[in-house]
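# Descriptive analysis of the structure
If you want the building blocks of each chain, they are given just below.
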Amino acid sequence: VQLQASGGGLVQAGGSLRLSCAASGRTFRGHAVAWFRQAPGRDRDFVAAIDRTGGGIYYADSVKGRFTISRDNARITVYLQMNNLRPEDTAVYYCTAAPSVINSNLASQTAYAYWGQGTQVTVSS
């Protein structure tokens, strides 16, 4: 499964961006989908996840109240709406998916089988 992330860019602090993640040739039906991010010189960190049913949504504490993960009804695209962006949100954002992830593992990158190429988000102060 190939994932394509898009929507990154340069934005001023306080601004918004919406990232999209699409799976080529298939839907996300039955898959958990998550966003991770990696800033220069840092480890890849969990940002948000939606479980395979769509009923469980989880966020890193650093983005709660500012970011929203969602997916369309056809389960073709997963979105990450990012509001009130801060310079510390600057990173390459990756989407990832897996067919079977228990909810307690949704924040663990080792639980995911498929990764997109990443999209750069830069927030200027």
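You'll find the structure just up there.
What counts, and at which threshold
- Residues numbered from 1 in each chain as written.
- Predicted model: local features only at pLDDT ≥ 70, side-chain atom pairs only at ≥ 80, totals over all residues.
- Heavy atoms only, no water.
- Helix = DSSP H or I, 4+ residues; strand = E, 2+ residues; numbered from the N terminus.
- Rg over C-alpha atoms; globule rule 2.2 N^0.38 Å.
- Buried < 20%, exposed > 50% of the residue type's maximum accessible area, 1.4 Å probe, protein only.
- Contact = heavy atoms within 4.5 Å.
- Areas by Shrake-Rupley, 256 points an atom, 1.4 Å probe, with all protein chains shown as cover.
- Lys, Arg positive; Asp, Glu negative; His and termini not counted.
- Charge placed at Lys NZ, Arg CZ, Asp CG, Glu CD.
- Salt bridge = Lys/Arg side-chain N within 4 Å of Asp/Glu carboxyl O.
- Pairing = 2+ DSSP bridges.
- Axes fitted to C-alpha atoms, helices over the stretch in contact; angles between N-to-C directions.
- Phe/Tyr/Trp six-rings, centres within 6.5 Å; stacked < 30°, edge-to-face > 60°.
- Lys NZ or Arg CZ within 6 Å of the ring centre and 35° of its normal.

### A few points about the overall build of the protein
A count of helical and extended segments in the protein gives zero helices and eleven strands. Element order for the protein, N to C, with α for helix and β for strand: β-β-β-β-β-β-β-β-β-β-β. Scaling as 2.2 N^0.38, a compact globule of 125 residues should have a C-alpha radius of gyration of about 14 Å, and the protein matches this with 13 Å. By its C-alpha atoms, the protein is 40 × 25 × 25 Å across when sized along the principal axes. Classification of the 125 residues of the protein by burial places 43% in the buried group. Once local pairs closer than 6 in sequence are excluded, the contacts in the protein between residues at least 24 apart make up 58%. As displayed, the protein offers around 6,100 Å² of accessible surface, 46% of which is attributable to carbon and sulfur atoms. In the protein, which carries 12 positive and 7 negative side-chain charges, the distance between the mean positions of the two groups comes to 8 Å.

### Considering the pattern of salt bridges
Tallied over the full model, the rule gives three salt bridges. As a salt-bridge pair, Asp61 and Lys64 come within 3.1 Å of each other at their nearest N and O atoms. In this structure Asp61 comes out as exposed when scored by relative accessible area, which is 64%. The residue Asp89 makes a salt bridge to Arg66 at a minimum N-O spacing of 2.7 Å. Here Arg66 lies in the loop between β6 (57-59) and β7 (67-71) and Asp89 lies in the loop between β8 (77-82) and β9 (91-98), a separation of 23 residues in the sequence. Of the residues examined, Asp89 reaches a relative accessible area of 0% and is grouped as buried.

### Topic: the sheet that holds β8
Taken in spatial order, the four strands make up an open sheet running β1-β3-β8-β7, and their pairing is antiparallel. Each end of this open sheet is capped by a strand with a single partner; those strands are β1 (3-6) and β7. Neighbour to neighbour, the strand axes of the sheet diverge by 15° on average, direction disregarded.

### With respect to the packing of aromatic side chains
Evaluated as defined, the whole model comprises three aromatic pairs. Each ring, one from Phe36 and one from Trp115, has its centre 5.4 Å from the other, and the planes form 55°; the classification is tilted. Pair noted here: Phe36 is in strand β4 (residues 32-38) and Trp115 is in strand β10 (residues 114-115), with a separation of 79 residues, a long-range link. Joined through ring pairs, the aromatic side chains of Phe36, Phe46, Tyr112 and Trp115 make up one cluster. Just above the ring of Tyr94 sits the side chain of Arg44; from NZ or CZ to the centre is 4.0 Å. The ring of Trp115 has Arg44 sitting right over it, with the charged end atom 4.7 Å from the ring centre.

### Overview of the pairing of β1
Every second residue of β1 is oriented toward a common face, the buried set being Leu3 and Ala5 and the non-buried set Gln4 and Ser6. Taken together, the four bridges between β1 and strand β3 (residues 17-23) define a ladder with antiparallel strand orientation. Note on β3: the bridge partner recorded for Ser6 is Ser20.

Read these as spatial facts, not as claims about activity.
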